[in-house]
Amino acid sequence: MAPHGPPGAEITADLGRDLLRDQHPDLADRPVRLGARGGDDRLWRLGDDLAVICPG
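Overview of the structure. All values reported here derive from a predicted model rather than from experimental measurement.

Conventions used here
Each chain has its residues counted from 1, following the order in which its sequence is written. Note on the predicted model: pLDDT of at least 70 is required for a residue's local features to be given, and 80 or more for side-chain atom pairs to be given and counted; whole-chain, interface and lining totals, by contrast, use all residues. Hydrogen atoms and water are omitted, and side-chain values are computed over all heavy atoms in the structure. At least two DSSP bridges between two strands are needed for those strands to be called paired. A run of H or I in DSSP becomes a helix once it reaches four residues, and a run of E becomes a strand once it reaches two; helices and strands are each numbered from the N terminus. In this description, a line fitted to the C-alpha atoms serves as the axis of each element, helices being fitted only across the stretch in contact, and the angle between N-to-C directions of two axes falls anywhere from 0 to 180 degrees. Classification of residues uses two cut-offs on accessible area relative to the type maximum, computed with a 1.4 Å probe and protein chains only: under 20% is buried, over 50% is exposed, and between them is partly exposed. Arc, as used here, means the arc of the directions from the helix axis to the C-beta atoms. In what follows, residue pairs with any heavy atoms lying within 4.5 Å of each other are defined as contacts. Just to be clear on terms, a salt bridge is a Lys or Arg side-chain nitrogen sitting within 4 Å of an Asp or Glu carboxyl oxygen.

**Here's the deal with the sheet that holds strand β1 (residues 32-37)**
Then comes step 1: Taken in spatial order, the three strands line up as β1-β2-β3 in an open sheet, and their pairing is antiparallel. The strands lining the two open edges of the sheet, one partner per strand, are β1 and β3 (50-55). Across this sheet, the average inter-strand angle for adjacent strands is 30°, counted without regard to direction.
Then comes step 2: Bridge count for strand β2 (residues 41-46) against β3 is six bridges, and the pairing is antiparallel.

Now the structure itself:
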């Protein structure tokens, strides 16, 4: 997902859904949930078979 909002903004499931609607409407109906937190990154699950890694 491309950066959205002010620098340092927290990435949330709602923000992820908004970004999907804007950039990949074909994926916007998939459930978005936090999969894992790393030192600098967050892995977000899109349904059962896709994932997105975001800073933060």
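**What to know about helix α1 (residues 13-23)**
Then comes step 1: All buried positions along α1 are accounted for by Leu 15, Gly 16, Leu 19 and Leu 20. Mapping the buried residues of α1 onto a view down its axis gives an arc of 140°, with all of them on the same face. Exposed side of α1, more than 90 degrees from the buried face: Asp 14 and Asp 22 are the residues found there.
Then comes step 2: Buried residues belonging to α1 abut β1 and β2.

**Observations concerning the environment of Leu 20**
Then comes step 1: Note on placement: Leu 20 falls in helix α1.
Then comes step 2: Judged by relative accessible area, which is 3%, Leu 20 ranks as buried.
Then comes step 3: Remark: the alpha-carbon pair of Leu 20 and Arg 30, spanning ten residues in sequence, is separated by 9.3 Å.

**Quick word on the pattern of salt bridges**
Then comes step 1: Counted under the stated rule, the structure contains three salt bridges.
Then comes step 2: Arg 21 is paired through a salt bridge with Asp 18; the nearest N and O atoms lie 2.5 Å apart. Taken as a pair, Arg 21 and Asp 18 lie in helix α1 at a separation of three residues, close to a single helical turn.
Then comes step 3: Its relative accessible area of 33% is what places Asp 18 among the partly exposed residues.
Then comes step 4: Arg 30 serves as the salt-bridge partner of Asp 49, at 2.6 Å between the closest nitrogen and oxygen. Taken as a pair, Asp 49 in the loop between β2 and β3 and Arg 30 in the loop between α1 and β1 lie far apart in primary sequence, 19 residues in all.
Then comes step 5: A relative accessible area of 55% places Asp 49 in the exposed class.

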